[in-house]
Amino acid sequence: NKALKGSRPTPAQGRARPAPHRAAVMSHFVRASKYRHVFCEPPKPQDQYQGFRLTTVTGEQSYIKANPKYFAVGLQGGGGPFAVVPFSKTGRFDPSEPIVAGHTAAVLDFDFNPFHDQLVASASEDQTIKVWGIPEEGLTETLTDPLVSLGGHARKVTLIQFHPTANNVLASASADFTVKLWDIEKGAELSTLMAGNESLIQDVVWDYFGTMIATSCKDKTVRIMDARSGAVSGTIAAHEGAKSVKLTYLGSMDKLLTVGFTRQSQRQFKIWDPRNTETEVKRVDIDQAAGVILPFWDEDTKLIYLAGKGDGNIRYYEAVGAEPWAFPISEYRSTQSAKGMAMVPKRGLDVMKCETARLMKLTSSTVEPLSFFVPRKSEAFQDDIFPPSKTGVPSHTADEWLAGSDLPPVTGSL
C-alpha cells in the first residue's frame, strides 16, 4: 500500500471493477418495461385544428370525444350544435362548415359508437339523446334529423357512454339523478338504475366486460352496480374533497381508479379492488391545483393518463398487478391549459411510427393532437409494444348481453 501511495494508477487499476453482485442489484432496481421511455410530441401548428366558437355551457363532461376517424366538439348557436371533424381536416374551422344541430337546447355530451365509426350519440339539456349517422365522406350538409331520438329522462342528460362489448347499448346519466340504459337500434329504454339516488352524478363508466357500471356522485360516494339488474355490489367513500370525482376501470386488471381531492384541495388518485371496497390498494397524492383531473386508460400498454381540466399537464403512470400498483413514467407539460380531453382508440393511431396513444386536447378555441410514442429505430411494425387490440367488432348483440352473455372485447393485431 505504501508503495502505491504516490504512484499514478495504471489504466487497468483506474477502471473501477463492478462488484460481482452490482449488476444483479441494478437489474433489480431498473424495472423491465417497454413503456418506460414513452414521450409526448407536441403538435406543430399546421397539425392543429383552430377557430372553433365553442359552446359556453359547463358541466361534468369532457367537452370533446374522438373515434378512429373524427372528433366532436360542442359549438355556440341554436339547435345544440356540435362539429364532427375528420382528423384529416387540420387548420381553421370554417363557420359555414356543415354541423350537427337537431336539439332544442345545448348539447352537453356526445359519444361515438365503438362498433360503427359513422354513428355518434348526443345528450342535451332538452332531456333527450339523439343518434346521428355521419356520411362516409363526412358531413356535406348540416344534420337536423337524427336516426333515433330517445326520451325518458326528467331533466337534462349530462353524460353518455357506449357499452364496451355489446352492440348499440348506451348508458346515460341525467340531472334527474338516474342512469338509464338504452338499445339505440330499437330506440328503446332497457332499464333505469339508481332510482333512489338523490345526488348529482359526476361520472359513469363501464368495466372491461360491460358487466358492471360505476358512478360517482356529489354525495362523495362511488357506487359499483350490476349493469343489468342495477344491484349495488359496493360503495366507496373515495375522496374527502367536495369537488368532482372522475373514474376509469383499469381494463382487464379488474381494478377501479378514482381521481378526486383531499379536504385540503390536494389532487389525488386511488386504485380500488371492486370486490373489497373498504380501503384502497394504492393512493397517490398528485399536487395542489384546482382543476378536475380526467383519467384515461390504455389497455394495451397498461398506462394511466391523467389530464387536468384547467391546466396543461398530462401525467402518466404504468399500472402493474401487484405492489406498488402504479409507477410514474413521465409528465407532459404545457402552458396552454386544457378545457377538455379525449383519447383516440388504438385503431386510429400511426402504429408504424410507434404511436401508442393520442389525446385530443381542447383549449379555448383549438384542438391539439398530443401523440405519445415509444422511441424505436426500426421502421417495421413492433408487435412487442402493440399487443392484440380492440378491433371495433362487438362481442355480442344487445339482446345476448341482456340475457347474460359476458364476453371480453374482440381483439386482433393492429
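Above this text is the structure in question.
Residues numbered from 1 in each chain as written. Predicted model: local features only at pLDDT ≥ 70, side-chain atom pairs only at ≥ 80, totals over all residues. Heavy atoms only, no water.

### Observations concerning the overall build of the chain
And then number 1: Tallying secondary structure elements over the chain gives four helices and 31 strands in all.
And then number 2: For the chain, the C-alpha radius of gyration of 24 Å lies close to 22 Å, the compact-globule estimate for 414 residues.
And then number 3: Over its C-alpha atoms, taken along the principal directions, the chain stretches across nearly 95 × 50 × 40 Å.
And then number 4: Counting the 414 residues in the chain, one finds 55% classified as buried.
And then number 5: Across the chain, contacts joining residues at least 24 apart in sequence account for 49% of those joining residues at least 6 apart.
And then number 6: Here the chain displays about 18800 Å² of accessible surface, and carbon together with sulfur accounts for 51% of that area. (Helix = DSSP H or I, 4+ residues; strand = E, 2+ residues; numbered from the N terminus. Rg over C-alpha atoms; globule rule 2.2 N^0.38 Å. Buried < 20%, exposed > 50% of the residue type's maximum accessible area, 1.4 Å probe, protein only. Contact = heavy atoms within 4.5 Å. Areas by Shrake-Rupley, 256 points an atom, 1.4 Å probe, with all protein chains shown as cover.)

### Side note on the sheet that holds strand β26 (residues 326-332)
And then number 1: One open sheet accounts for four strands, arranged β23-β24-β25-β26; its pairing is antiparallel. The sheet is open, and its two edges are formed by β23 (293-298) and β26, each paired on a single side. Going from strand to strand, the sheet's axes swing by 20 degrees on average, the running direction of each strand aside. (Pairing = 2+ DSSP bridges. Axes fitted to C-alpha atoms, helices over the stretch in contact; angles between N-to-C directions.)

### Remarks on the pattern of salt bridges
And then number 1: Per the counting criterion, the structure on display carries 24 salt bridges.
And then number 2: Among the salt bridges present, the one from Arg-347 reaches Asp-117, with a minimum N-O distance of 3.2 Å. Here Arg-347, found in the loop between β27 (340-343) and β28 (355-362), pairs with Asp-117, found in the loop between β7 (107-112) and β8 (119-124); they are 230 residues apart in sequence, far enough to count as distant.
And then number 3: The class for Asp-117 is buried, based on a relative accessible area of 18%.
And then number 4: Where Arg-376 meets Asp-384, a salt bridge forms, and the shortest distance between an N and an O atom there is 2.9 Å. (Salt bridge = Lys/Arg side-chain N within 4 Å of Asp/Glu carboxyl O.)

### Focus on the side chain of Ser-33
And then number 1: Considering the arrangement of structural elements, one finds Ser-33 in the loop between α3 (22-29) and β1 (39-41).
And then number 2: Polar contacts involving the side chain of Ser-33 include one to the main-chain amide nitrogen of Tyr-35, which spans 3.1 Å.
And then number 3: Within the local environment of Ser-33, its side chain forms a polar contact with the backbone nitrogen of Arg-36, the two atoms lying 3.4 Å apart. (Polar contact = N/O pair within 3.5 Å; in protein donor to acceptor, adjacent residues only side chain to side chain.)

### Regarding empty space enclosed by the protein
Empty space among the atoms becomes apparent when a probe as large as a water molecule is rolled across them.
And then number 1: Taken as a whole and judged by the stated rule, the model has two cavities of 30 Å³ or more.
And then number 2: Reported here for the second largest cavity is a volume of approximately 60 Å³.
And then number 3: Every residue lining the second largest cavity is listed: Leu-54, Thr-55, Val-57, Gln-61, Tyr-63, Gly-74, Val-107, Leu-108, Phe-110, Lys-339 and Leu-362.
And then number 4: In terms of residue count, β7 provides more of the lining of the second largest cavity than any other element does, three residues in total.
And then number 5: Residue composition of the lining of the second largest cavity, grouped by class: seven nonpolar, three polar and one charged. (1 Å grid on protein atoms, 1.4 Å probe; cavity = no way out; pocket = protein on both sides within 12 Å on 5 of 7 lines; lining within 4 Å. Points joined across faces, edges and corners; volume = space filled by probe spheres on them. Nonpolar A, V, L, I, M, F, W, Y, C, P; charged D, E, K, R; others polar.)

### Topic: the pairing of strand β5 (residues 82-86)
And then number 1: The buried count for β5 comes to four of five residues, which makes it a mostly enclosed element.
And then number 2: Relative to β5, strand β4 (residues 70-74) runs antiparallel, the two being bridged by five bridges. The residue of β5 that forms the bridge with Ala-72 is Val-84.

### Digging into the layout of surface pockets
And then number 1: Taken as a whole, the largest pocket spans an internal volume of roughly 370 Å³.
And then number 2: For the largest pocket, the lining is made up of 16 residues, of which Asp-47, Glu-355, Pro-369, Ser-371 and Phe-373 are closest to its centre.
And then number 3: For the lining of the largest pocket, the secondary-structure elements that each account for two or more residues are β28 and β29 (367-373).
And then number 4: Its residues assigned to classes, the lining of the largest pocket shows seven nonpolar, two polar and seven charged.
And then number 5: Put simply, the second largest pocket is a space of about 210 Å³.
And then number 6: If you list the elements that add at least two residues to the lining of the second largest pocket, you get β5 and β6 (91-92).

### Overview of the sheet that holds strand β3 (residues 64-66)
And then number 1: Spatial ordering of the open sheet is given by β3-β4-β5, a layout of three strands whose pairing is antiparallel. The sheet is open, and its two borders are formed by β3 and β5, each paired with just one other strand. Within the sheet, the average angular offset between the axes of one strand and its neighbour, ignoring direction, is 20 degrees.

### Examining the environment of Arg-267
And then number 1: Looking at the element boundaries, Arg-267 is found in strand β21 (residues 266-272).
And then number 2: Each C-alpha atom, one on Arg-267 and one on Gln-288, is 6.0 Å from the other, the two residues being 21 residues apart in sequence.
And then number 3: Excluding residues within four positions of it along the chain, Arg-267 makes contact with Gly-260, Phe-261, Val-284, Asp-285, Ile-286, Asp-287, Ala-289, Gly-291, Ile-293, Gly-308, Asp-311 and Arg-315.

### Comments concerning the state of the cysteines
And then number 1: Tallied over the entire structure, the rule returns zero disulfides.
And then number 2: For the unlinked cysteine Cys-40, the closest cysteine sulfur is that of Cys-354, found at 15 Å.
And then number 3: The buried category is assigned to Cys-40, whose relative accessible area is 12%. (Disulfide = S-S within 2.5 Å.)

### A short note on the packing of aromatic side chains
And then number 1: Following the criterion strictly, the structure yields 13 aromatic pairs and no others.
And then number 2: Over the ring of Phe-261 we find Lys-243, and its NZ or CZ is 5.0 Å from the ring centre. (Phe/Tyr/Trp six-rings, centres within 6.5 Å; stacked < 30°, edge-to-face > 60°. Lys NZ or Arg CZ within 6 Å of the ring centre and 35° of its normal.)

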